[in-house]
Protein chains: 2
Amino acid sequence: MRMNQGVEWAVHVLLALAWLDDGEPVSTARFAASYELPQAYLNKQLQALVRAGLLESVPGARGGFRLARPPEKITLMDVVMAIEGPEPAFQCTEIRRRGMGADAPESQFRVACAVNTSMQRAELAWRKSLASQTIADVRTEAELHAPAVAGMTRRAYGRD
Amino acid sequence: MRMNQGVEWAVHVLLALAWLDDGEPVSTARFAASYELPQAYLNKQLQALVRAGLLESVPGARGGFRLARPPEKITLMDVVMAIEGPEPAFQCTEIRRRGMGADAPESQFRVACAVNTSMQRAELAWRKSLASQTIADVRTEAELHAPAVAGMTRRAYGRD
DNA sequence: GTGCGAATACTCGGATACCGCGTGTCCGAGTAAGTGAGG
DNA sequence: CCTCACTTACTCGGACACGCGGTATCCGAGTATTCGCAC
């Protein structure tokens, strides 16, 4: 169960845009160069963020991507959902009602499978934590240990 | 990011063993028939539980698997770890220090990447929830809505 | 009837193929910027 | 000098291959049972 690495890329891209702050779009070429990532594949991942409404894409020369809403309004849950999709990691296939358990009375299956319930409970805790952390929070936490990172980012992306 | 379906199988197997309660081993053939699962592949998954110390295997005729410790001492975290492995779902590849950020002062990278920290925080919540739920808990929850399931299981596996 | 030994059937265990999804790449549509000529 | 149309270059966007890990299977090692025979 390994998470799509596009999630890591996406969060770093969103962070960079948050630090740049101005509404100017940044191209995938620049992002790819900034992190040594395959440009075309990174583009593919960012498209998912556009579809999810986290980024706006600007076509044409000097185009690129910019934040669709302020960093305070973008949670890590949004990012994970945009790239990984809405399906839960644990998917109950209802094996309890197959095989020998198939002829059990229907009333047994009215309520959800206890196994599924327990696993979903854990996933909900995960989701809650992701939803409680915004891009702005991550930015703040990063600046706590490396105050110069905002200026360095602006310089790396040709601002100032 | 889909979880190995062997996790679902494993929890159901452990639950069945908890309901049977006696120390008699149950073969994979019986489990596979009970849930309509591919026998050989189920066996492979249960081997992982043996390696993790959750099950004991009994070779030879009338052999099979039995619980290595009481259901109260087996958490869902144990099961997930046994099958999925110890690696976290989100793996930080430190892209912050590649490309343009490579020439940043070393002091910037002393503390962990904030992106990684945030994602691990969420995973920790997930792990905590998994670790707080034992097989015995799941059994209790299942019996709450379907009190007959214990007896049905014993009958399905030829007990009594 | 009882004890012993070999044959047997059944089980786990690891080594071996198959396949779908994440990973990576390429090319076309579209747009803004740049350029040059004409007024 | 200003305006405008054309060319150009750059960007996103989706369609097309590749490789790896999860999925599935098969066969061998080992053991408890069972059966038959001798005593």
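Residues numbered from 1 in each chain as written. Chains lettered and ligands numbered in written order. Predicted model: local features only at pLDDT ≥ 70, side-chain atom pairs only at ≥ 80, totals over all residues. Heavy atoms only, no water.

The name that an unreviewed UniProt entry assigns to chain A is BadM/Rrf2 family transcriptional regulator, with the source organism given as Labedaea rhizosphaerae.

So, the protein's contact with DNA strand C
As a structural note, the neighbourhood of DNA strand C is formed by 23 residues, with Asn4(A), Tyr41(A), Thr28(B), Gln47(B) and Ser57(B) the closest of them. Counting only atoms of DNA strand C within 4 Å of the protein, the sugar-phosphate share comes to 60%. A distance of 3.2 Å separates a phosphate oxygen of DNA strand C from a polar atom in the side chain of Gln5(A). Note that a phosphate oxygen of DNA strand C is positioned 3.4 Å from one of the side-chain N or O atoms of Arg51(B). (Near = heavy atom within 4 Å. Polar contact = N/O pair within 3.5 Å; in protein donor to acceptor, adjacent residues only side chain to side chain.)

Points about the packing of aromatic side chains
Residue and element names in this part refer to chain A. Applying the stated criterion across every chain, the model contains four aromatic pairs over all chains. With 5.5 Å between their ring centres and 80 degrees between their planes, tryptophan 9 and tyrosine 41 make a pair best called edge-to-face. Placement of the pair is tryptophan 9 in helix α1 (residues 6-20) and tyrosine 41 in helix α3 (residues 39-51), with a sequence separation of 32 residues. (Phe/Tyr/Trp six-rings, centres within 6.5 Å; stacked < 30°, edge-to-face > 60°. Helix = DSSP H or I, 4+ residues; strand = E, 2+ residues; numbered from the N terminus.)

Notes on the relation of the copies chain B and chain A
The two copies are related by a screw motion: chain B maps onto chain A through a turn of 180 degrees and a shift of 0.0 Å along the axis, at an RMSD of 0.0 Å. Read as a symmetry element, the transformation amounts to a two-fold axis. Residue Trp126(B) of chain B places its C-alpha closer to the rotation axis than any other residue of that unit, at 2.4 Å. When the interface residues of chain B are mapped onto chain A, 100% of them again lie at the interface, so the same face is used by both copies. (Least-squares fit on C-alpha atoms with pLDDT ≥ 70 in both. Contact = heavy atoms within 4.5 Å.)

Some remarks on the nonpolar core
Across soluble globular proteins, nonpolar side chains have a tendency to be buried as a group. Of all hydrophobic cores here, the largest spans 95 residues; its most connected members are Phe31(A), Leu49(A), Phe31(B), Leu49(B) and Met119(B). When near neighbours in sequence (up to four residues on either side) are disregarded, Phe31(B) contacts Val13(B), Ala16(B), Leu17(B), Val26(B), Leu42(B), Leu46(B) and Tyr157(B). (Core = buried A, V, L, I, M, F, W, Y, C linked by side-chain atoms within 4.5 Å. Buried < 20%, exposed > 50% of the residue type's maximum accessible area, 1.4 Å probe, protein only.)

Describing the interface of chain B and chain A
Between chain B and chain A, the contact holds 55 residues from the first and 56 residues from the second. It is Met1(B), Ile95(B) and Met100(B) in chain B that bury the most area against chain A; as a group they hold 15% of the surface buried on that side. Summed over the shared surface of chain B and chain A, the number is four salt bridges. Arg121(B) serves as the salt-bridge partner of Glu141(A), at 3.0 Å between the closest nitrogen and oxygen. Listed by contribution, the elements that provide at least two residues to the side of chain B that touches chain A are α1 (6-20), α2 (28-35), α4 (76-84), α5 (114-131), α6 (135-145) and α7 (149-156) of chain B. Looking at which element gives the most residues to the side of chain B that touches chain A, the answer is α5(B), with twelve residues. (Buried area = accessible area lost by both parts, 1.4 Å probe. Salt bridge = Lys/Arg side-chain N within 4 Å of Asp/Glu carboxyl O.)

Here's the deal with the side chain of Arg139(A)
Residues and elements named next belong to chain A. Tracing the chain through its elements places arginine 139 in helix α6 (residues 135-145). Since its relative accessible area comes to 18%, arginine 139 is described here as buried. A polar atom in the side chain of arginine 139 sits 3.4 Å from the backbone oxygen of alanine 18. Excluding residues that lie within four positions of it along the chain, arginine 139 makes contacts with Leu15, Ala18, Trp19, Pro71 and Glu72.

So, the pattern of salt bridges
All names here are of chain B. Going through the model one piece at a time under the given rule, you end up with 20 salt bridges over all chains. Arginine 159 is the partner of aspartate 22 in a salt bridge, and the nearest nitrogen-oxygen pair spans 2.8 Å. Placement of aspartate 22 in the loop between α1 and α2 and of arginine 159 in the segment after α7 is noted, with a sequence separation of 137 residues between them. Residue classification places aspartate 22 among the partly exposed residues on the basis of a relative accessible area of 30%.

Things to note about unusual backbone geometry
Keep in mind that most residues, glycine aside, have a negative phi and that most peptide bonds are trans. One non-glycine residue, Asp21(A), adopts positive backbone phi at about 75 degrees. Mapped onto the elements of the fold, Asp21(A) is located in the loop between α1 and α2 (28-35). Asp21(A) gets classed as exposed once you look at its relative accessible area, which sits at 62%. Positive phi outside glycine occurs at Glu94(B), with the angle close to 55 degrees. Mapped onto the fold, Glu94(B) is located in the loop between α4 and α5.

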